[in-house]
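Examination of the molecular architecture
Residue-level listing of the chains:
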Amino acid sequence: IFSNILIVSTALIAISTISFKFAIAMAIWLTLFLIVTLFSVRKAISLSRDAARSYNRVIATIVDTLTNISSVRLFSRRRYERKLTEPFYETYERSANRRDWFLFYLYIFQSLLYITYQTICILMLMYGYQEGTVSAGDFAMLISINVSIMSELWELSKELRDLTQHYSYLKQAYEIIS
């Protein structure tokens with residue numbers, strides 16, 4: 001996280017050399033992006049927790065079936081064991097899909113936020129270029145910095161997504177142990 005803060009701070013300073021308007025636009029975009037991402041973590045944890053619980057039920061049922069494999073084969077209870085597992089699997093599938101769709105919509109929103117910010121920057125750059133206050137080098141620098149920052153933010157979002165999933169599975173494991 002420290003490296004992300006350092007990269008963003010450096011980018012804001014570099015962008016402010018072009019114009020403070022661009023630095024303010026980036027600060028607003030970053031603030032919105034981070035607020036939405038951080039507030040969505042709570043919902044993602046809840047959805048991941050539901051998926052982890054459902055997954056554990058599926059695994060427990062499969063383990064139970066495997067430990068009873070001799071009686072399953074001996075008494076031809078394959079259909080019974082399958083029917084026993086199916087509701088848990090379907091619940092897990094629904095839970096995982098809810099979590100994944102939530103994250104998908106979050107990524108769409110983040111993408112639209114970035115596209116809007118990038119469009120505003122390009123329009124401001126074109127206006128500044130026409131007025132002679134922005135050079136072609138400023139144009140290239142701002143676009144490359146924006147792409148770099150977005151790459152860092154995508155990585156941060158991915159790490160937060162992974163954290164919510166791992167946290168939920170670890171919490172389930174802890175509850176089973178204790």
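Residues numbered from 1 in each chain as written. Predicted model: local features only at pLDDT ≥ 70, side-chain atom pairs only at ≥ 80, totals over all residues. Heavy atoms only, no water.

Here we come to the nonpolar core. Across soluble globular proteins, you tend to see nonpolar side chains buried next to one another. Ranked by size, the top nonpolar core spans 26 residues in total, and within it Ile15, Phe22, Met26, Trp29, Tyr117 and Ile149 carry the most contacts. Taken together, the elements giving at least two residues each to this core come down to α1 (2–18), α2 (20–67), α4 (78–131) and α5 (136–177). (Core = buried A, V, L, I, M, F, W, Y, C linked by side-chain atoms within 4.5 Å. Buried < 20%, exposed > 50% of the residue type's maximum accessible area, 1.4 Å probe, protein only. Helix = DSSP H or I, 4+ residues; strand = E, 2+ residues; numbered from the N terminus.)

Below, the discussion takes up the side chain of Ser95. For Ser95, the position within the fold is in helix α4. A residue is classified by how much of its surface remains accessible, and Ser95, at 4% relative accessible area, is buried. Side-chain polar atoms of Ser95 contact the side chain of Ser54, separated by 3.3 Å. For Ser95, the contacting residues outside a window of four places in its chain are Leu47, Asp50, Ala51 and Ser54. (Polar contact = N/O pair within 3.5 Å; in protein donor to acceptor, adjacent residues only side chain to side chain. Contact = heavy atoms within 4.5 Å.)

This model, assessed by the stated rule, comprises two salt bridges. Between Arg99 and Asp100 there is a salt bridge; the shortest N-O distance is 3.1 Å. Among the residues examined, Arg99 registers a relative accessible area of 7% and is labelled buried. Asp100 sits in the partly exposed class, given a relative accessible area of 36%. (Salt bridge = Lys/Arg side-chain N within 4 Å of Asp/Glu carboxyl O.)

Turning next to the packing of aromatic side chains. With the rule as written, the count across this model stands at eight aromatic pairs. Taken together, a centroid distance of 5.8 Å and an interplanar angle of 70 degrees make the contact between Tyr107 and Trp154 edge-to-face. In this pair, Tyr107 sits in helix α4 while Trp154 sits in helix α5, placing the two residues 47 residues apart along the sequence. Within the aromatic cluster, the residues linked to one another by ring pairs are Trp29, Phe33, Tyr114 and Tyr117. (Phe/Tyr/Trp six-rings, centres within 6.5 Å; stacked < 30°, edge-to-face > 60°.)

Note that all results are geometric; they support no functional claim without further evidence.
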